[in-house]
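Listed below are the residues making up each chain.
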Amino acid sequence: MTSLTWGLLCFIGILASGTLGIFPQPRSQHRQSHSVRPLNSRVSPQVPSRVRQHFEIKSTEQTSDEVASAESFQEVQLGDYSNRGFQQQQQSVRPGANNYLTQESRTTIIGATRSNCRNRPIDLVFIIDSSRSVRPAEFEKAKEFLQDMVDSLEIGSDATRVGLVNYASTVQIEFLLKTYFDKSSLKQALARVEPLASGTMTGMAIKTAMEKAFTAEAGARASSVNIAKVAIIVTDGRPQDKVEEVSAAARASGIEIYAVGVDRADMMSLRLMASPPHDDHVFYVETYGVIEKLTSKFRETLCGLDACAQGHSCQHICVNSDNSYYCKCRSGYVLNPDKKTCSRSTTCAQGHDCQHFCVNTDDSYICKCRLGYVLNADEKTCSRSDACAHGHDCQHICENSEDSYICKCQVGYMLNADLKTCSRSDTCDQIHDCQHFCVTNGDSYICKCHEGYVLNADQKTCSRLFSGSDLCANGHDCQQICVNNDDSYICKCQVGYVLNPDMKTCSRSDTCVQGHDCQHICVSIDGLYICKCREGYVLNADQKTCSHSDACAHGHDCQHICVNSDDSYICKCQVGYVLNADQKTCSRSGLDACAQGHDCQHICINNGNSYICKCRVGYALNMDRKTCSRSDACAHGHDCQHICVNSDDSFICQCRVGYVLNADQKTCSQEMRSEITQDACMCEAQIVFQKKVQSTIHELSRKLDELSDKVNLIEGQQQY
């Protein structure tokens, strides 16, 4: 054991001196400087070289004793930031000053982003991966990136609002869009965020952001005010759940998604999440140490140009709109058809609060009312006027009628054709009680009888001179029907008509007034009538009576199902439940919820008083929590060290270029590339020693993976 320890220490010394050059160098013994290059200059298994517009930010490591040569820094440009002049600076810096160069380049970028950014107002939600693969120092770098982003934007309730969704195997909304409206509070809140560790449930995080972070309750503004909804996802791994469908749903709801991948991030997953075109919405960096350099790229995307400041042709007011502008006019003016110049407007056209009419007067206006109305004391609203009180030309009586008036006459007079003046009326046209004829006599009348009749002593009724004859057949003055009646006759009317006071003529009757059998409302139609019901009732088949229309629709207190019953309703329960004694609420009928009926496609499992659905091996539960789809074995979690490849209902592990798969079919080892040395014995001894060290490292890696799997299993069980 002592010899093995001594050998391990010697081997670490060899690694530090750089003689072998086959193992990654420890981060704690190095300082970093950063360079940026286009993504297509590097061929990566996970990053397609054909993606031309994405940017990859690469971290190059140097030992503390080395000084990078001037040639190692190329002239690069990212957004508005240019790294020109690095070569001249590098030559003048003493050995060991690499951190100074890195900090200066970062300060230059942040200074550029903090210039005057007139970005359009947006609702911005960061979705940040804080799984176990993100180390604490890397998570701090991610938070610095978010703080730099906030610095580059105009924050406020009427400007840009920012929210944060933190996720791993669980999802946590750290703060909502409505929580902070100033940069200081927002940056302090970002600094307080802690990582969640464990898995990478990116799909769940996107779904949570869509359903809870981008809502009006959370502070998101309505689409009608033209405020863009933007989500920026930062992740360093492959999602352990499905992201394609939930990302499509989020984009369909109006959310623009940017995807930022770091280190081990899967480029295919980034493209499935991001909005099109992918050239503008997908980014990749090799380490969290250089992620802040993306700030200038996002600033270029989110900050619009001050088009008005670039020059405009507006006569009065120029207003920025995205990367262009439009013109407005000062108060009292309207924009001409050329959309540039202004003309003095009519004040009424600019808006007024007159109830009826607005009348322009110089630079102001006055309110007026329609005929039959008068202006109230507030000089804005109108009230119905007393038309008769404002003057009329009626000879006798004036009566108000809606917006005007009508004329009427005193008793004994009738209205002339001019509808204003009155003439003495025929008293017989007024009410009389003559059985046969009424004859006007001055201001009164006398009664007379038909031929063959004599006036009785009451001076009103008549009696037949000779009985036994058909008086109706001998002539009558009934308009419609004549009916013999002893020594006289009486007049009657046809159905739908009523006898007038002269007892001779007929007028069309109001059939409803004559009597009806409608339960609620009678409506006269020609000589007939129809029945109608009051609101909330419907006419029954007998076309006369009414029943309550839909008692349930008018409000009920049933817990499950409301069923109409005559003029009321009764409550019922869903399958597997029974109605309680209050006849309103329901309780589960038995302990075996699955036995009571379920809608699971595969397997139903009782869970308390309810049940949950599960799927058979090789299938995954869909978002409806009921149906199952053949699963993506890799997406549901795997223990491959490098690459997972689906194979029917399972998966196999593969290694990246330069590595070989170990006997456990999960972990990978770097291919041995020995150098030819003059001392063959020394070379062979080194190789043997390297193999022993590799074997020890592999065994430790395997045990760490097993421990990680057990932790994930325990966390998964706690979630259920």
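As annotated in an unreviewed UniProt entry, the protein chain is Matrilin 3b from Seriola dumerili. Per UniProt, the protein chain carries the Subcellular location (unreviewed entry) text "Secreted".

What about the packing of helix α4 (residues 136-151) against helix α5 (residues 183-191)?
Between α4 and α5, the least distance of the axes is 9 Å, while the angle of their chain directions is 170 degrees. If you check the angle between α4 and α5, you find them roughly antiparallel. Across the interface between the two elements, Lys143, Leu146, Gln147, Val150 and Asp151 of α4 pack against Lys183, Leu186, Lys187, Leu190 and Ala191 of α5. Partitioning the contact of α4 with α5 into residue classes produces five nonpolar, one polar and four charged.

Structural notes on the environment of Asp557
Tracing the sequence through the fold places Asp557 in the loop between β34 (546-548) and β35 (561-565). A C-alpha to C-alpha distance of 9.8 Å links Asp557 and Ile570, two positions 13 residues apart in sequence. Those residues in contact with Asp557 that sit more than four places away from it in its chain are Tyr569 and Lys584. At 3.1 Å, the side chain of Asp557 and the side chain of Tyr569 are in polar contact. Polar contacts involving the side chain of Asp557 include one to the side chain of Lys584, which spans 2.8 Å.

Some details on the environment of Lys143
The residue Lys143 is located in helix α4 in this model. Taking the C-alpha atoms as reference points, Lys143 and Ala191, separated by 48 residues in sequence, lie 6.7 Å from one another. Each residue touching Lys143, except ones within four places of it in the same chain, is listed here: Leu190, Ala191 and Val193. In terms of polar contacts, Lys143 uses its side chain to reach the backbone carbonyl oxygen of Ala191, at 2.9 Å.

Let's talk about the packing of aromatic side chains
Overall, the coordinates contain four aromatic pairs when judged by the stated rule. With a centroid separation of 6.3 Å and an interplanar angle of 55 degrees, the aromatic rings of Phe145 and Phe298 are classed as tilted. Highlighted residues: Phe145 in helix α4 and Phe298 in helix α10 (residues 295-302), separated in sequence by 153 residues. Exposure remark for Phe145: the relative accessible area of 0% places this residue in the buried category. Classification of Phe298 as buried rests on a relative accessible area of 1%. The interplanar angle of 80 degrees and the centroid separation of 5.3 Å between the aromatic rings of Phe175 and Tyr180 together place this pair among those described as edge-to-face. For the residue pair Phe175 and Tyr180, the accessibility class agrees, reading buried in each case. Aromatic ring contacts, followed pair by pair, group Phe145, Tyr258, Phe283 and Phe298 into a single cluster.

Brief notes about a nonpolar patch on the surface
A contiguous nonpolar surface patch, about 230 Å² in accessible area, is contributed by Phe357, Val359 and Ile366. Considering the arrangement of structural elements, one finds Val359 in strand β15 (residues 357-361).

Examining the state of the cysteines
What the rule picks out here adds up to 26 disulfides. Disulfide pairing is shown between Cys354 and Cys367; the S-S distance is 1.9 Å. As the torsion about the S-S bond is roughly -75 degrees, the Cys354-Cys367 disulfide counts as left-handed. With Cys354 in the loop between β14 (342-344) and β15 and Cys367 in strand β16 (residues 364-368), this residue pair connects regions lying 13 residues apart in the sequence. Like Cys354, the residue Cys367 is buried in the burial classification.

Thoughts on the environment of Gly254
Its location among the elements puts Gly254 in the loop between α7 (244-252) and β9 (255-262). Overall, Gly254 belongs to the partly exposed group, its relative accessible area being 45%.

Here's the deal with unusual backbone geometry
Backbone torsion omega between Pro276 and Pro277 reads -5 degrees, so that peptide bond is classified as cis. As for its placement among the helices and strands, Pro277 is situated in the loop between α8 (267-273) and α9 (278-281). Residue Glu379 is not a glycine yet carries a positive backbone phi of 60 degrees. Even without being a glycine, Gln665 presents a positive backbone phi close to 60 degrees.

About the thresholds
- Residues numbered from 1 in each chain as written.
- Predicted model: local features only at pLDDT ≥ 70, side-chain atom pairs only at ≥ 80, totals over all residues.
- Heavy atoms only, no water.
- UniProt positions renumbered as here; feature names shortened; annotations may be inferred.
- Axes fitted to C-alpha atoms, helices over the stretch in contact; angles between N-to-C directions.
- Helix = DSSP H or I, 4+ residues; strand = E, 2+ residues; numbered from the N terminus.
- Parallel < 35°, antiparallel > 145°, perpendicular 65-115°, else oblique.
- Contact = heavy atoms within 4.5 Å.
- Nonpolar A, V, L, I, M, F, W, Y, C, P; charged D, E, K, R; others polar.
- Polar contact = N/O pair within 3.5 Å; in protein donor to acceptor, adjacent residues only side chain to side chain.
- Phe/Tyr/Trp six-rings, centres within 6.5 Å; stacked < 30°, edge-to-face > 60°.
- Buried < 20%, exposed > 50% of the residue type's maximum accessible area, 1.4 Å probe, protein only.
- Patch = residues over 30% accessible without salt bridge, like charges linked within 9 Å, V, L, I, M, F, W, Y side chains within 5 Å.
- Areas by Shrake-Rupley, 256 points an atom, 1.4 Å probe, with all protein chains shown as cover.
- Salt bridge = Lys/Arg side-chain N within 4 Å of Asp/Glu carboxyl O.
- Disulfide = S-S within 2.5 Å.

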